[in-house]
Amino acid sequence: MLKLYHNKKGDIVIKKSIWLEGIKRNIEKPLEEDIEVDVLIIGGGITGVSCAYQLKDSDLKVCLVERNEIGLGVTSKTTAKLNYLQETIYSTIEENYSYEEAALYLKAQRYAIKMIKDIVQKEKIDCNFEKVSSYVFTDKKQEIKNIRKEMSILSSLGQKVEENKEIPFPLKSVYSIHVNDTATFHPLKYVYSLVDLLKEKISIYENTEIYKIKKEKSFYICHTKNHQIKAKYVVLACHYPFFLFPYFMPIKTYPEKSYIVASKIEEYKKNTLITSGMPTKSVRYYKDKENYLIYLSNSHPSCDDVDTIHNFASIMSEAKEMNCSISYLWSNEDLITFDHLPLIGTIKENLFLATGYNTWGMTNATIASYILKNAILGQNTEYDSLFNPLRKNGKAKTKSYTKNMIKNAKGYIENKVKVDKPWYPNTLTFKKVHGKKIAIYEDEKKHMVYTKCPHMGCELIFNEIEKTWDCPCHASRFDLDGNCIKGPSLYNISYKKER
Ligand SMILES: Cc1cc2nc3c(=O)[nH]c(=O)nc-3n(C[C@H](O)[C@H](O)[C@H](O)COP(=O)(O)OP(=O)(O)OC[C@H]3O[C@@H](n4cnc5c(N)ncnc54)[C@H](O)[C@@H]3O)c2cc1C
């Protein structure tokens with residue numbers, strides 16, 4: 001059932017992502033036996049499904065498992081721009097790595113957009129793929145030099161970039177640049193069309209969670225609740241790996257949360273916009289039976305600013321100031337790497353990871369599918385070392401890692417100490433049972449949950465708008481009854497049930 005409520009203007013707001021509207025598909029059955037395959041892909045977001053698509057015509061026996069339903073992770077709540085103009089990424093890479101690596105990153109992003117375009121054309125996929133212009137802009141004079149530097153790097157790499165002061169959107173801008181060869185699409189129509197093309201060739205199991213992986217000789221034994229999958233190669237396409245060691249994700253990435261609204265508008269425009277720096281504001285349009293503006297704001301490290309009510313209220317009032325009614329409202333988290341580049345490649349013999357896309361996962365998941373297909377087939381690509389998840393990039397990492405760790409630790413401690421959140425509704429109360437904190441939320445019934453994330457013990461935050469319990473440290477989410485709906489946690493937080 002959709003969760004509805006009225007905003008101040010009296011419009012009905014649906015509290016879910018616009019991409020989930022009208023989407024119907026037949027869910028694949030869970031795994032019901034032990035199996036042996038060549039490649040196991042864990043995770044059915046754009047990363048896992050793209051990898052499976054790339055491998056579908058190989059001679060390998062491939063299987064994809066998804067803990068929930070395919071596509072309902074971060075991919076279902078994105079803004080789905082296919083863009084290589086990504087804030088000021090090229091100057092960041094040049095500064096922290098080299099000009100050559102910035103050039104290679106650009107090549108990878110452009111190649112990924114072309115891959116998606118070619119797949120859409122070849123497979124005749126109806127996913128609203130549309131060529132658009134994309135802008136990076138700022139309302140701060142001191143940021144102009146950063147955008148100019150971005151333009152200079154892109155121009156020196158042969159990209160046609162134009163400068164402007166005005167932007168085609170009613171937000172203040174003192175300087176902007178734009179390119180004309182980027183795109184947008186509907187992420188779930190794309191992912192689900194790929195799944196339809198895969199079904200005959202690879203086995204897909206939904207509601208099937210991998211909770212343990214063990215290496216045995218030259219194979220991995222991957223355990224679900226009742227069965228096991230023996231695989232030579234394993235692809236971790238699960239966004240945030242569910243195991244802590246040996247690849248310790250908390251020192252590689254942190255989650256960033258953003259708030260998004262979709263509003264019905266008169267005019268559909270073929271452009272996208274994003275600010276060069278924080279606070280991020282991002283815009284795109286979507287044309288269905290009606291025209292929609294999709295507007296993102298208030299991005300912040302999840303640990304930094306946990307007042308979800310304030311953050312939702314703030315994006316709603318921004319939309320109101322722009323005279324936009326709100327049809328859809330949601331939030332989402334992606335993983336930001338401390339050293340600015342995605343993590344794609346081998347983390348252990350025949351064990352591959354693809355994540356840490358820094359909110360540019362449509363293109364980076366696609367380039368990941370190309371890199372990992374080649375790695376599994378024993379071939380190198382020119383992008384392997386740029387995205388190597390075992391890289392040691394001292395300079396880039398140490399600076400941002402230290403800064404973010406301090407922020408994270410501060411947020412973590414604050415959440416622990418400031419137990420009372422004045423913005424929590426009075427339908428939410430807490431009590432201690434056998435020394436453990438229990439939250440009780442009452443609507444038509446009582447929902448009782450533990451308030452600690454089973455992953456690493458962070459204090460969970462109640463997200464009253466989406467009716468979820470959100471982990472500010474690593475972005476696991478739980479529903480009102482404590483069922484884990486998003487990892488890395490493998491466990492529920494339901495009170496009374498076994499944990
Ligand atoms: C607000 C926001 C806006 C964004 N906008 C853009 C944009 O405009 N353009 C762009 O390029 N990128 C954008 N991104 C980034 C992009 O959406 C993500 O990087 C991308 O969707 C990640 O895809 P994924 O497949 O790696 O993860 P997911 O979509 O989360 O898929 C991972 C899947 O793995 C499953 N899983 C997890 N653990 C297990 C397990 N143990 N066993 C089985 N299955 C498991 C999960 O259930 C999930 O379905 C945005 C991100 C955010 C947060």
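Our subject is the structure listed above.
Now for a description of the structure that goes with this document. Since this is a predicted model, take the numbers as computed values, not measurements. (Residues numbered from 1 in each chain as written. Predicted model: local features only at pLDDT ≥ 70, side-chain atom pairs only at ≥ 80, totals over all residues. Heavy atoms only, no water.)

To continue, consider the packing of aromatic side chains. What the rule picks out here adds up to 20 aromatic pairs. Ring plane angle 80° and centroid distance 5.1 Å describe the contact between Tyr111 and Tyr370, whose orientation is recorded as edge-to-face. Separated by 259 residues along the polypeptide, Tyr111 in helix 3 (residues 99–122) and Tyr370 in helix 7 (residues 361–376) bring together distant segments of the chain. Its relative accessible area of 31% is what places Tyr111 among the partly exposed residues. The class of Tyr370 is partly exposed, set by a relative accessible area of 22%. Relative to Tyr328, the ring of Tyr292 has its centre 6.0 Å away and its plane inclined at 65°; by these criteria the two rings are edge-to-face. Highlighted residues: Tyr292 in strand 16 (residues 291–301) and Tyr328 in strand 17 (residues 328–337), separated in sequence by 36 residues. For Tyr328, a relative accessible area of 6% corresponds to the buried category. Connected via pairs of aromatic rings, a cluster forms that spans Trp423, Tyr424, Phe430, Tyr441, Phe462 and Trp469. Over the ring of Tyr175 we find Arg148, and its NZ or CZ is 4.7 Å from the ring centre. The residue whose ring lies beneath Lys252 is Tyr247, and the NZ or CZ to ring-centre distance is 4.2 Å. (Phe/Tyr/Trp six-rings, centres within 6.5 Å; stacked < 30°, edge-to-face > 60°. Helix = DSSP H or I, 4+ residues; strand = E, 2+ residues; numbered from the N terminus. Buried < 20%, exposed > 50% of the residue type's maximum accessible area, 1.4 Å probe, protein only. Lys NZ or Arg CZ within 6 Å of the ring centre and 35° of its normal.)

Another aspect to go through is the sheet that holds strand 25 (residues 477–479). Ordered by their spatial adjacency, 4 strands build an open sheet running 23-24-25-26, and the pairing between neighbours is antiparallel. Sheet topology places strand 23 (461–463) and strand 26 (484–486) at the edges, where each strand pairs with a single neighbour. Neighbour-to-neighbour, the strand axes of this sheet turn through a mean angle of 35°, independent of strand direction. Here strand 23 pairs with strand 24 (residues 468–470) via 3 bridges, running antiparallel. Note that in strand 24 the partner of Asn463 across the bridge is Thr468. (Pairing = 2+ DSSP bridges. Axes fitted to C-alpha atoms, helices over the stretch in contact; angles between N-to-C directions.)

Another point: the state of the cysteines. Linking two cysteines covalently through their sulfur atoms gives a disulfide. Applying the stated criterion to the full structure yields 1 disulfide. Residue pairing for Cys458: its cysteine sulfur links by disulfide to Cys473, the two sulfurs lying 2.3 Å apart. Taking the sign of the torsion about the S-S bond as the criterion, the disulfide between Cys458 and Cys473, at about -105°, is left-handed. In this pair, Cys458 is assigned in the loop between strand 22 (446–450) and strand 23 and Cys473 in the loop between strand 24 and strand 25, connecting sequence segments 15 residues apart. Exposure remark for Cys473: the relative accessible area of 7% places this residue in the buried category. Left unpaired, Cys453 is separated from the closest cysteine sulfur, that of Cys471, by 4.1 Å. Residue class for Cys453 comes out buried when judged on its relative accessible area of 2%. (Disulfide = S-S within 2.5 Å.)

Right, let's get into the site of the ligand. Within the structure, the ligand sits among 36 residues, and Thr47, Glu66, Thr75, Thr79 and Met362 are positioned closest to it. Val74 places a main-chain nitrogen or oxygen 2.9 Å from an oxygen atom of the ligand. Contact distances for the ligand include 3.0 Å between a nitrogen atom and a side-chain N or O atom of Thr78. Its free accessible area being 1,000 Å², the ligand has 97% of it covered by the protein chains. Every element with two or more residues in the shell around the ligand is listed here: helix 1 (46–55), strand 13 (253–265), strand 17 and helix 7. (Near = heavy atom within 4 Å. Polar contact = N/O pair within 3.5 Å; in protein donor to acceptor, adjacent residues only side chain to side chain. Areas by Shrake-Rupley, 256 points an atom, 1.4 Å probe, with all protein chains shown as cover.)

Turning our eyes to something else, we now look at the pattern of salt bridges. A side chain of one charge can pair with a side chain of the opposite charge if their charged atoms are brought near each other. Scanning the model with the defined rule gives 26 salt bridges in all. Here Glu94 ties to Lys149 by a salt bridge, and the two come within 3.5 Å at their closest N and O atoms. Placement of the pair is Glu94 in helix 2 (residues 89–96) and Lys149 in helix 4 (residues 144–156), with a sequence separation of 55 residues. For Asp196, the salt bridge goes to Lys199, with nearest N and O atoms at 3.4 Å. (Salt bridge = Lys/Arg side-chain N within 4 Å of Asp/Glu carboxyl O.)

Another aspect to go through is the pairing of strand 10 (residues 212–216). Across 5 bridges, strand 10 lies against strand 11 (residues 219–223) in antiparallel orientation. When the bridges of strand 11 are listed, Lys215 appears paired with Tyr220. Counting the residues that bridge the hairpin from strand 10 to strand 11 gives 2 residues, and of these Lys217 lies at a positive phi of roughly 50°.

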